[in-house]
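# Structure assessment
Single-letter residue listing:
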2 protein chains.
Amino acid sequence: MPIPDIDHLVGLVARLPGLGPRSARRVVLALLRDPRGKLLPLARALESAAVSVRTCSSCGNLDVEDPCHICRDPARAKDVICVVEGVNDLWALERAGAHRGVYLVLGGVLSALRGVGPADLNVGPLFERLREGAVKEVILALGATVDGATTMYWLQEKIGPYRVEVTRVAQGVPMGGTLDVLDDGTLAAALSARRPV
Amino acid sequence: MPIPDIDHLVGLVARLPGLGPRSARRVVLALLRDPRGKLLPLARALESAAVSVRTCSSCGNLDVEDPCHICRDPARAKDVICVVEGVNDLWALERAGAHRGVYLVLGGVLSALRGVGPADLNVGPLFERLREGAVKEVILALGATVDGATTMYWLQEKIGPYRVEVTRVAQGVPMGGTLDVLDDGTLAAALSARRPV
Ligand SMILES: [Zn+2]
Ligand SMILES: [Zn+2]
């Protein structure tokens, strides 16, 4: 299909996460089949998001205002900071209604393999608040991966001198999950973190 | 995440084929993380495609011109018409360089279950050319499904009176495919269509 407009569009869509050339072609066809109902509304929503969405300078969240609606919410405990890897994790915790404090979005985790060092992580706002003595608890909510564990260990070390409570999310059996599909590490962690019922 | 701009965008993306709420959030986040590099270029490509892309009135293909570049190509055999279900099939055959004639995109196949009848299919241009006596061969290249087979049978019946050659694509073992994962129907068809080597 030597049609530059369509080729270009398929190429852009194919570079999005979870999509490839094949699914990109399907998506573009679905859009082209319904220009008024699908294609133009999406174009406009993207355009408008590009103009309005910004990164919260105090937590790294995405919102149309800076500070974001969570940082501005007077009902949220500003002294309980939940550290997450990405905005997707923040969204997941918000959907679960699991956290009533504020967040810090690192924008990644330390990774020797991918060359991510401390300078690449958004930790400035956290240590600023620690220095101000405005923090009671830091919750480390990073993934149970090698890189996640390394990052949590590094943060724990750096936060240590400030004498605030540092906790980390529990590892265990996911809700609705069966034990036999879990890896040994998770099983061991779930067993050792057992609680009386 | 009560952010209307982002919610709206996630909702639109989640309705695209092959995507759901979860993958839509991933896609939208990737776009928002790089407004200049990803988000705006995509918005503009969509906008421009919405303005420029149209459906070819003689074959149903999508192109920036009507008739499309295939129908306008003097090197293509106008009297050999390959009937396909959708533009995706046309694209696949073009990528394979498998057909040197022209196409007819039906825009669907007959389906009692989904309520798709003959009036819903783009067959007008085909019968117009048959009436003009401008057709030598009609190749039925529909999927080997019940609906595809029904549609091919119906087309064969309708084309019969025009006394042109009607062929259909061979069924068989896909290139690179192993026999043991194929269903019985495909295996039987592949065996009965065997050729000397
Ligand atoms: Zn914030
Ligand atoms: Zn055409």
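Conventions used here
- Residues numbered from 1 in each chain as written.
- Chains lettered and ligands numbered in written order.
- Predicted model: local features only at pLDDT ≥ 70, side-chain atom pairs only at ≥ 80, totals over all residues.
- Heavy atoms only, no water.
- Donors = N, O, S within 2.8 Å, 3.2 Å for Na, K, Ca; no water.
- Helix = DSSP H or I, 4+ residues; strand = E, 2+ residues; numbered from the N terminus.
- Buried < 20%, exposed > 50% of the residue type's maximum accessible area, 1.4 Å probe, protein only.
- UniProt positions renumbered as here; feature names shortened; annotations may be inferred.
- Tetrahedral: all angles 85-135°; square planar, octahedral: opposite > 155°, others 65-115°.
- Domains from an automatic or database assignment.
- Core = buried A, V, L, I, M, F, W, Y, C linked by side-chain atoms within 4.5 Å.
- Contact = heavy atoms within 4.5 Å.
- Pairing = 2+ DSSP bridges.
- Axes fitted to C-alpha atoms, helices over the stretch in contact; angles between N-to-C directions.

### Quick word on the coordination of the zinc ion (ligand 1)
Residue and element names in this part refer to chain A.
- Around the zinc ion (ligand 1), the protein supplies Cys56 (SG), Cys59 (SG), Cys68 (SG) and Cys71 (SG) as donor atoms, at distances of 2.3 Å.
- For the zinc ion (ligand 1), the single-chain donor residues occur in sequence as C-x2-C-x8-C-x2-C. Taken together, the residues cysteine 59 in the loop between strand S1 (54–55) and strand S2 (62–63) and cysteine 71 in helix H4 (residues 69–72) connect sequence positions twelve residues apart.
- On the basis of relative accessibility, which here comes to 13%, the residue cysteine 71 falls in the buried class.

### Structural notes on the UniProt feature "zinc finger region: C4-type" (unreviewed entry) in chain A
- Here, UniProt's "zinc finger region: C4-type" (unreviewed entry) annotation points to residues 56–71 of chain A.
- In residues 56–71 of chain A, the share of helix is 19% and the share of strand is 12%. The end C-alpha atoms are 8 Å apart.

### Observations regarding the coordination of the zinc ion (ligand 2)
Residues and elements named next belong to chain B.
- Looking at the zinc ion (ligand 2), one finds its protein donor set to be Cys56 (SG), Cys59 (SG), Cys68 (SG) and Cys71 (SG), positioned 2.3 to 2.4 Å from the metal centre.
- Considering all four donor atoms around the zinc ion (ligand 2), angles at the metal cover 105 to 116° and the coordination shape is tetrahedral.
- Positions of the donor residues of the zinc ion (ligand 2), expressed as sequence spacing, correspond to C-x2-C-x8-C-x2-C. Each member of the pair, cysteine 59 as well as cysteine 68, is classed as buried.

### Some details on the domain arrangement of chain A
- Split into domains, chain A comes out as domain 1 (4–52) and domain 2 (62–196).
- Put simply, the middle of domain 1 of chain A and the middle of domain 2 of chain A, counted by C-alpha atoms, are 33 Å apart.

### Some words on the nonpolar core
- Formed by 120 residues in total, the largest nonpolar core has its most connected members in A:Leu126, A:Leu155, B:Leu126 and B:Leu155.
- Setting aside chain neighbours within four positions, we find B:Leu126 in contact with B:Ile81, B:Val83, B:Leu104, B:Val138, B:Leu155 and B:Ile159.

### Quick look at the sheet that holds strand S5 (residues 137–140) of chain B
Residue and element names in this part refer to chain B.
- What the four strands build is an open sheet, ordered S4-S3-S5-S6; its pairing is parallel. The open sheet has two edge strands with one neighbour each: strand S4 (101–105) and strand S6 (165–168). Pairwise comparison of adjacent strand axes, ignoring direction, gives a mean angle of 25° for this sheet.
- By the bridge criterion, four bridges tie S5 to S6 in an arrangement that is parallel. Bridged to leucine 140 within S6 is arginine 168.

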